[in-house]
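In case you want the letters, here they are:
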Amino acid sequence: MAAAVEAPVPAEQDSALCGSEGETRGAEVEEKSQPQTGSTGPAVPHSRLSKLPLARIKALMKTDPDVSLASQESVFIIAKATELFVEMIAKDALVYAQQGKRKTLQRKDLDNAIEAIDEFAFLEGTLD
Amino acid sequence: MASSSGNDDDLTIPRAAINKMIKETLPNVRVANDARELVVNCCTEFIHLISSEANEICNKSDKKTISPEHVINALESLGFASYITEVKDVLQECKTVALKRRKASSRLENLGIPEEELLRQQQELFAKYSCSSS
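Here's what I pulled together on the structure shown here. Source: prediction; values computed, not measured. (Residues numbered from 1 in each chain as written. Chains lettered and ligands numbered in written order. Predicted model: local features only at pLDDT ≥ 70, side-chain atom pairs only at ≥ 80, totals over all residues. Heavy atoms only, no water.)

Section: the interface of chain B and chain A
Between chain B and chain A, the residue contacts involve 58 residues of the former and 64 residues of the latter. Both faces considered, chain B and chain A share a buried interface measuring about 5,500 Å² in area, 73% of it formed by carbon and sulfur atoms. Area buried by chain B at its contact with chain A is led by L38, E86 and R101 of chain B, which between them contribute 11% of it. For the pair chain B and chain A, the number of links is 1 salt bridge. At 16 residues, helix α2 (residues 33-60) of chain B tops the list of elements feeding residues into the side of chain B that touches chain A. (Contact = heavy atoms within 4.5 Å. Buried area = accessible area lost by both parts, 1.4 Å probe. Salt bridge = Lys/Arg side-chain N within 4 Å of Asp/Glu carboxyl O. Helix = DSSP H or I, 4+ residues; strand = E, 2+ residues; numbered from the N terminus.)

Take a look at the structure:
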């Protein structure tokens, strides 16, 4: 079972990593050609490096009353970690779809991934 | 579904952003809608998980503000150490971009063109563009 899980993932992972590296390099090039003169707006360059809206992530963090202040960079890396999380859970779920010989990823594939993988134990509350 | 707008606890990452990420990760795979919905909700849980852990780590340190280091330690302790390398790379790019932005602003200030001349050029540009629009 474990061997079957590992096999398809590495190749995809490489291309996904290359893809994301390309994305961030592309974002940097964009930044050079459009210099933000005098712009001290906090989120502007960051929004080009993250696929997720930083303001929303910050708002989500704040719904926890215990969470205090967070630096902008921390919000940014939480955004990045969330992107990686989506990649990871999608790929892990795909394995279950493939085992079921389906080409469509279904909710139960995610359910299976959540139950099988230790790191996703915190998600068991989201299952029906 | 979005009936209670303004309720903080209904916040999620925008569906479109998730859809895009799923598409980039699994390019030729169809994904059921309820599966996408679950991913959206899992992201919310993930963000809460990491921020909560980072917050605890921050509280134990002598700092009041959650720093990237706190977040990185949180990822490690929660079993997401495999994310750390990429997260650190991106953090470095973030700092580089911020640094370039600060340098670019200061370079502009030191162009050596006196302010009156800059104002004059600006007026010229405004005149030029208002003529072409009318």
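Some details on the packing of aromatic side chains
In this structure the tally under the stated criterion is 8 aromatic pairs over all chains. Where F85 of chain A meets F122 of chain A, the ring centres are 6.2 Å apart and the plane angle is 45 degrees; that geometry is what we call tilted. Of the two residues, F85 of chain A is situated in helix α5 (residues 72-99) and F122 of chain A in the segment after α6 (107-116); the sequence distance between them amounts to 37 residues. According to the relative accessible area criterion, F122 of chain A is partly exposed, its value standing at 21%. The class of F85 of chain A is buried, set by a relative accessible area of 0%. Put simply, the rings of F85, F120 and F122 of chain A together with F46, F80 and Y83 of chain B pair up and form one aromatic cluster. (Phe/Tyr/Trp six-rings, centres within 6.5 Å; stacked < 30°, edge-to-face > 60°. Buried < 20%, exposed > 50% of the residue type's maximum accessible area, 1.4 Å probe, protein only.)

Some details on a nonpolar patch on the surface
Residues and elements named next belong to chain B. Residues L108, L111, I113 and L118 make up a contiguous nonpolar surface patch of about 340 Å² in total accessible area. In this fold, L118 is placed in helix α5 (residues 115-133). According to the relative accessible area criterion, L118 is partly exposed, its value standing at 40%. (Patch = residues over 30% accessible without salt bridge, like charges linked within 9 Å, V, L, I, M, F, W, Y side chains within 5 Å. Areas by Shrake-Rupley, 256 points an atom, 1.4 Å probe, with all protein chains shown as cover.)

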